[in-house]
Amino acid sequence: MPDPIPHGGNLRYAARRYSIPLDDWLDLSTGINPRGYPVPPVPPDAWRRLPEDDDGVADCAARYYGAPLALPVAGSQAAIRALPYLLDRGTVGVAPLTYGEYAPAFARAGHRVVPLDIACAELPASLDHVIVANPNNPTAERLDRETLLRWHARLASRGGTLMVDEAFADADPAASLASDTARDGLIVLRSVGKFFGLAGIRAGFVLAAPASLDALRDMLGAWTVGGPARHAVMAAFADHAWQAETRERLQRDGARLAAILARHGFEVRGTPLFAWTQTPRARSLQHELAMRGIWTRLFEPSDMTPSVRIGLPGSEGDWARLERALAEIVG
């Protein structure tokens, strides 16, 4: 059996490894908004009744994303595992450093996975399908709409598919392709966990043409998202004031995090929800922060300089703790 794919948020592992009690950690290992949406009390029926597809969640999501259609799924992870089996087997381009579930999922379904240079102007003719995270996780690279739509047109002309993971797009949605997802061969994945800080409810949405959504719905089966999660999603999507305020705050906090790291000598690329620094000192940086009870995410690809992704602190005390730790480490 292959080794599990590593993810952030593995705080119990960090607590065991460094012998620091779980409650004493500052977890910056994910890109999840640390000040998530305050979900109102869950109605009792959400616990007792089976979820119903016509409860308005899909329509609410389509309005929020500006998409023609939306399919609720148990986090985008469920779609990542299922969608490769619905696409014709072929050669799939995936960035060498991106969300780690894509390459194994497509390989498992019989596709040939090859590295994709997301900075390239034109796609290689050998690619049948392309997977892009926009912005990319963890490198924070962004692609504009025009480039992505040009890639989609090239792939669709030969029966291929462009899949865009927009898990981190809510904080800055200008480049989203949600409104274009009626086009055949274009699939967009959205997550409720990152911007809304609701990773624990395991809810996400697939935006695509009707035939693609019907096929995915048939594969996943009924009741993919539970009643309490559906209640949380509808409340969060309807709260436009919270969304606007949170976008402004995350822009400020993302810039603040990047500035702190730059002030301590690190080259930084970031999004409103995390910062990424590529440095030969990455392993030492993660270790030294962990020794101080601050958990971050280390990336060590075999053919690239290692790097660290750092999420947002959630309080002024947490910001001060991170600044103090960096000053001690760099000093």
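All values reported here derive from a predicted model rather than from experimental measurement.

Q: How should I be thinking about the overall build of the protein in this particular structure?
A: For the protein, the count of helices and strands is 11 helices and 13 strands. Its C-alpha atoms give the protein a radius of gyration of 20 Å, near enough to 20 Å, the size a compact globule of 331 residues would have. Principal-axis analysis of the C-alpha atoms gives the protein an extent of 55 × 55 × 40 Å. Among the 331 residues that make up the protein, the fraction classed as buried is 51%. In the protein, once contacts between residues fewer than 6 apart in sequence are set aside, the share between residues at least 24 apart is 71%. Both charge centroids of the protein, one from 35 positive and one from 38 negative side chains, sit 3 Å from each other.

Q: Please explain the sheet that holds strand β12 (residues 297-299) as it appears in this structure.
A: Pairing between sheet strands relies on hydrogen bonds along the backbone, with the strands arranged either parallel or antiparallel. Strand order in the open sheet formed by 4 strands is β9-β10-β13-β12, and the pairing between neighbours is antiparallel. Each edge of the open sheet carries a strand with a single partner, namely β9 (269-271) and β12. Going across the sheet, the axis of each strand differs from the next one's by a mean of 20°, ignoring polarity. In terms of strand pairing, β12 meets strand β13 (residues 307-311) through 3 bridges, oriented antiparallel. Bridge pairing in β13 places Arg297 opposite Arg309.

Q: Can you help me understand the sheet that holds strand β8 (residues 204-207) in this one?
A: Spatially, the 7 strands line up as an open sheet ordered β2-β8-β7-β6-β5-β3-β4, and their pairing is mixed. With partners counted over all chains shown, the strands left at the sheet margins are β2 (71-73) and β4 (112-115), one partner each. Across the sheet, the mean angle separating the axes of adjacent strands is 20° when strand polarity is ignored. Sheet analysis places β2 next to β8, joined by 3 bridges and oriented antiparallel. Across the sheet, Leu71 pairs through a bridge with Val206, a residue of β8. Against the sheet, helix α7 (residues 210-220) engages β2 and β8, with an angle of about 30° to β2.

Rules and cut-offs
- Residues numbered from 1 in each chain as written.
- Predicted model: local features only at pLDDT ≥ 70, side-chain atom pairs only at ≥ 80, totals over all residues.
- Heavy atoms only, no water.
- Helix = DSSP H or I, 4+ residues; strand = E, 2+ residues; numbered from the N terminus.
- Rg over C-alpha atoms; globule rule 2.2 N^0.38 Å.
- Buried < 20%, exposed > 50% of the residue type's maximum accessible area, 1.4 Å probe, protein only.
- Contact = heavy atoms within 4.5 Å.
- Lys, Arg positive; Asp, Glu negative; His and termini not counted.
- Charge placed at Lys NZ, Arg CZ, Asp CG, Glu CD.
- Pairing = 2+ DSSP bridges.
- Axes fitted to C-alpha atoms, helices over the stretch in contact; angles between N-to-C directions.

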